[in-house]
Amino acid sequence: MSAPLSPARAIGLVARREFLTQVAKKSFVISNVIILLAIVGGIVAYSLFSGGDDERATVGLVGDQSLAPALVATGDAVGTPVDVVPAADEQAARDEVGIGDLDVALIPGTDGSVTAVTESEIGSGLRTVIDAAVVQQAQAGALVAQGVDPAQLAEATGRAVVTVDALDPPDPEKGQRVALSIAVVVLLYMQIMMFGMYVAMGVVEEKSSRVVELLLSTLRPLQLLWGKVIGIGAVGLVQLTAYGVVGVAAGLATGVLTVTGTAIGVLAGTLGWFVLGFAFFAVLYAAAGSMVSRQEDVNATASPLMVLIVIMFFSAFSSVSNPEGTLSNVLSWIPPFSAILMPLRIAAGVASPVQVVVTVALMLAVTAALSVLAAKIYQRSILRIGKVVSWREALGR
């Protein structure tokens, strides 16, 4: 007679079976290939058609080119870089503006003024560059006329600068981290709902085929429950990791995305919170699946879980603009809301290390307690064929 399976080995065998069953499905492989291609295609298309923030305006300068250095230096200083090209004459410059080869043509006047020729209007950034460069050149000419060397004046006054000492300096990575966190949380919780339903459907399939009766003759309900949750959860985590790696790689390759170490840390932390959130809901989805005998009835018992997930989404979206608000702070301590609100608070830099540790511990404790409760519901309901078992019946003694 063979020795009984240890709990760890029993859970491992069930998890392995669930994982291999899911990844071996043709529908799973085909759908993920299509999604990965769509991710890459969408990022490439965005990089091609969105344009870039670093596009340089082309300015044609007629006649004397002494204004060119001031235009280039001013453009670089204010963040609106320009390329200055000489134009043969006024008419040629106007023609080039008309056909779109030049954004603006500058025609110097005899009194120091400059006429700017454009197709329709000049953008505010480029207008600022032109005005500042013209004024700078005029001032330099006036100084020379008075016998003052502009270079010596600039050197003498160069130390007179304003140094900004911000008490709360802006975080240059905050926007990227928050946007990345929101995108990842949305994707992960779509996955939680989908893979939670996979858990419920798998339980119903085993129940309707009577396979579960054979399994429960060897395994304890809690072992079967956690094996199914871990196996299907591993599939979801692998799938999400593939989406993230391909998306980030495509973004970096096309220049659409600039991911810093902080942003990668937020991404990794969000994946960790996905594991906690999925475990919380998956054990409940398994219990919901054990209460029905047909897959058509799963939505009836799983609807409270779906409503809870929707409420979590609304609470998270309402907290995006104010992650330090009372709603975000209070709900982030309460499982399972912490699984979606804590990544947002971490990305915004308003979550303390103590809060992170305590909320993780709370999620683990509540999930462990729910798994025991779900196993009891599973054990009471899994062998009841036919009638849908209500939550009141399943939770009753």
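Up top is the structure.
Residues numbered from 1 in each chain as written. Predicted model: local features only at pLDDT ≥ 70, side-chain atom pairs only at ≥ 80, totals over all residues. Heavy atoms only, no water.

Peer 1: I keep staring at the overall build of the protein chain and nothing clicks. Help me out?
Peer 2: Check the secondary structure of the protein chain and you find 15 helices and four strands. Here the protein chain, with 397 residues, has 36% of them falling under the buried criterion. The contacts in the protein chain between residues at least 6 apart in sequence include a share of 74% that link residues at least 24 apart. Accessible surface for the protein chain amounts to roughly 21,500 Å². Of this, 63% is attributable to carbon and sulfur atoms. (Helix = DSSP H or I, 4+ residues; strand = E, 2+ residues; numbered from the N terminus. Buried < 20%, exposed > 50% of the residue type's maximum accessible area, 1.4 Å probe, protein only. Contact = heavy atoms within 4.5 Å. Areas by Shrake-Rupley, 256 points an atom, 1.4 Å probe, with all protein chains shown as cover.)

Peer 1: Where do I start with a nonpolar patch on the surface in this structure?
Peer 2: A surface patch of nonpolar side chains, about 460 Å² in accessible area, is lined by V330, W333, I334, V354, V358 and L362. Ranked by residue count, the leading element in the nonpolar patch is helix α14 (residues 353-381), at three residues. Tracing the sequence through the fold places W333 in the loop between α12 (326-331) and α13 (338-348). (Patch = residues over 30% accessible without salt bridge, like charges linked within 9 Å, V, L, I, M, F, W, Y side chains within 5 Å. Salt bridge = Lys/Arg side-chain N within 4 Å of Asp/Glu carboxyl O.)

Peer 1: Where do I start with helix α5 (residues 124-145) in this structure?
Peer 2: Given 3.6 residues per turn, any residue in an α-helix points the same way as the ones three and four places further on. The end-to-end C-alpha distance of α5, which contains 22 residues, comes to 32 Å, matching closely the 32 Å that a straight helix rising 1.5 Å per residue would cover. For α5, the set of buried residues is L126, V129, I130, A133 and V134. Buried residues in α5, looked at end-on, bunch into an arc of 120 degrees, giving them a common side. Contacts made by the buried residues of α5 are with β1 (57-62), α3 (68-78), β2 (82-87), β3 (104-108) and β4 (114-118). Just downstream of α5 lies G147, where phi reads positive at about 85 degrees. (Expected span 1.5 Å × (residues − 1). Arc of directions from axis to C-beta.)

Peer 1: Would you mind going over the packing of helix α1 (residues 7-23) against helix α9 (residues 221-254) with me for this structure?
Peer 2: Each packed pair of helices is defined by two parameters, the angle between the axes and the distance between the axes. Packing of α1 against α9 brings their axes to within 7 Å, and their N-to-C directions diverge by 40 degrees. Our classification of the angle between α1 and α9 gives oblique. Crossing of α1 against α9: the hand is right-handed. Mapping the contact onto sequence places P7, A10, I11, V14, A15, E18, F19, Q22 and V23 in α1 and Q223, L224, W226, G227, K228, I230, G231, I232, A234, V235 and V238 in α9. When the residues that make up the contact of α1 with α9 are grouped by side-chain class, the tally is 14 nonpolar, four polar and two charged. (Axes fitted to C-alpha atoms, helices over the stretch in contact; angles between N-to-C directions. Parallel < 35°, antiparallel > 145°, perpendicular 65-115°, else oblique. Left-handed = near helix turned anticlockwise from the far one by under 90°. Nonpolar A, V, L, I, M, F, W, Y, C, P; charged D, E, K, R; others polar.)

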